[in-house]
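What follows is each chain in one-letter form.
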Amino acid sequence: MKLERHIRNIPDFPKKGIQFKDITTLLSDKKAFKATVNGLAKIFKGKNIDYVVAAEARGFILGGALSYKLGCGFIPVRKPGKLPYRTYKHSYSLEYGTNELHIHEDALPKNAKVLILDDLLATGGTALALVNLVKKFDADIVGVAFLIELTDLKGKEKFKEYPVYSLIKFDI
Ligand code: AMP
């Protein structure tokens, strides 16, 4: 299935110069959504992933479905003030703006095998924040996965230590 056909490009959102890749058109298509989750699950089946770690909001949609499919746990990473227990935090820059992400400080047990997931790799700042949060634990990062990679932004170069996977690549 050509998953890229289900992604809608919105020019100049949320600000001028950004080509926003809208995945709502993929999520609403039952075959495309299923093919996406199955496509990601196929890569990681047999890798004994214990947890998928993903950030709100779009990361939760794919992260929840993929965790269910892999039969592993899901760890939500959230914006400030959302997680109820004590947290570790990390600040990072986006393709448009800055943000801070939090993870519960007891989220991952020792030696957990972790897959980091996000919907889209742009500059890599968000996924790198997830990597840095997981590094606060004695965990093993198996890989960093995305539905979409924007190759021209070269975000992949931030993850030399880990395998990077994506189902769709766009050059812009
Ligand atoms: P970055 O941290 O620069 O890799 O940006 C990735 C995060 O920002 C992802 O969680 C995306 O949801 C969002 N994002 C950044 N750029 C875009 C884009 N062009 N289209 C859609 N989402 C984007």
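Our subject is the structure listed above.
What comes next is a walk through the structure. Just so it is clear, the structure is predicted and the values come from calculations on it, not from any experiment.

**Regarding the nonpolar core**
For step 1, the next point in the chain: Counting residues in hydrophobic clusters, the biggest one holds 27 residues, and the most contacted among them are Val53, Val77, Leu101, Leu108, Ile116 and Val144.
For step 2, the next point in the chain: Mapped by element, the contributors of at least two residues to this core are strand S3 (51–55), strand S4 (73–77), strand S6 (98–104), strand S7 (113–121), helix H4 (125–134) and strand S8 (140–150).
For step 3, the next point in the chain: When neighbours within four sequence positions are excluded, Val144 is seen to be in contact with Leu115, Ile116, Ala127, Val131, Phe159, Tyr162, Pro163, Val164 and Tyr165.
For step 4, the next point in the chain: With 25 residues, the next largest nonpolar core counts Leu62, Leu117, Ala145 and Ile168 among its residues.

**With respect to the packing of aromatic side chains**
For step 1, the next point in the chain: What the rule picks out here adds up to four aromatic pairs.
For step 2, the next point in the chain: An angle of 80° between the planes, with centres 4.9 Å apart, marks the rings of Phe44 and Tyr165 as edge-to-face. Here Tyr165 lies in strand S9 (residues 164–170) and Phe44 lies in helix H2 (residues 30–44), a separation of 121 residues in the sequence.
For step 3, the next point in the chain: A relative accessible area of 1% means that Phe44 is categorised as buried.
For step 4, the next point in the chain: For the ring pair Tyr88 and Phe137, a centre distance of 5.4 Å and an interplane angle of 75° mean the geometry is edge-to-face. Here the residue Tyr88 occupies a position in strand S5 (residues 87–93), and Phe137 occupies one in the loop between H4 and S8, the gap between them amounting to 49 residues.
For step 5, the next point in the chain: Phe137 sits in the buried class, given a relative accessible area of 10%.

**Section: the sheet that holds S4**
For step 1, the next point in the chain: Spatial strand order, S4-S3-S7-S8-S9: five strands in an open sheet with parallel pairing. Both outer strands of the open sheet, S4 and S9, are each paired with one neighbouring strand and no more. When the angles between neighbouring strand axes are averaged without regard to direction, this sheet yields 15°.
For step 2, the next point in the chain: One ladder, built from six bridges, connects S8 with S9; its direction is parallel. Paired with Val144 across the strands is Val164, a residue of S9.

**Looking at the environment of Phe13**
For step 1, the next point in the chain: You can see Phe13 is positioned in the loop between strand S1 (8–11) and strand S2 (19–22).
For step 2, the next point in the chain: Once residues lying within four places of it in the same chain are set aside, the contact partners of Phe13 are Ile18 and Phe20.

**A short note on helix H3 (residues 58–70)**
For step 1, the next point in the chain: Over its 13 residues, H3 extends 19 Å from the first C-alpha to the last, a length consistent with the 18 Å expected when each residue adds 1.5 Å.
For step 2, the next point in the chain: Buried residues of H3: Gly59, Leu62, Gly63, Leu66 and Ser67, and no others. For H3, the angular spread of the buried residues around the axis is 130°, confining them to a single face.
For step 3, the next point in the chain: Summarising the contacts, the buried residues of H3 are in contact with helix H1 (24–27), H2, S3, S4, S7 and S8.
For step 4, the next point in the chain: Among the residues trailing H3, Gly71 stands out with phi positive, at a value near 70°.

**Topic: unusual backbone geometry**
Most peptide bonds adopt trans geometry, and most residues besides glycine take a negative phi value.
For step 1, the next point in the chain: Along the chain, Phe13 connects to Pro14 via a cis peptide bond; the corresponding omega equals -5°.
For step 2, the next point in the chain: Its location among the elements puts Pro14 in the loop between S1 and S2.
For step 3, the next point in the chain: Of note, the phi angle at Asn48 is positive, near 50°, even though the residue is not glycine.
For step 4, the next point in the chain: With respect to the element layout, Asn48 can be found in the loop between H2 and S3.
For step 5, the next point in the chain: Not every positive phi belongs to a glycine, and Asn111 is a case in point at roughly 65°.
For step 6, the next point in the chain: Within the element layout of this structure, Asn111 appears in the loop between S6 and S7.
For step 7, the next point in the chain: Overall, Asn111 belongs to the exposed group, its relative accessible area being 58%.

Here is what the cut-offs are and how they apply
- Residues numbered from 1 in each chain as written.
- Predicted model: local features only at pLDDT ≥ 70, side-chain atom pairs only at ≥ 80, totals over all residues.
- Heavy atoms only, no water.
- Core = buried A, V, L, I, M, F, W, Y, C linked by side-chain atoms within 4.5 Å.
- Buried < 20%, exposed > 50% of the residue type's maximum accessible area, 1.4 Å probe, protein only.
- Helix = DSSP H or I, 4+ residues; strand = E, 2+ residues; numbered from the N terminus.
- Contact = heavy atoms within 4.5 Å.
- Phe/Tyr/Trp six-rings, centres within 6.5 Å; stacked < 30°, edge-to-face > 60°.
- Pairing = 2+ DSSP bridges.
- Axes fitted to C-alpha atoms, helices over the stretch in contact; angles between N-to-C directions.
- Expected span 1.5 Å × (residues − 1).
- Arc of directions from axis to C-beta.

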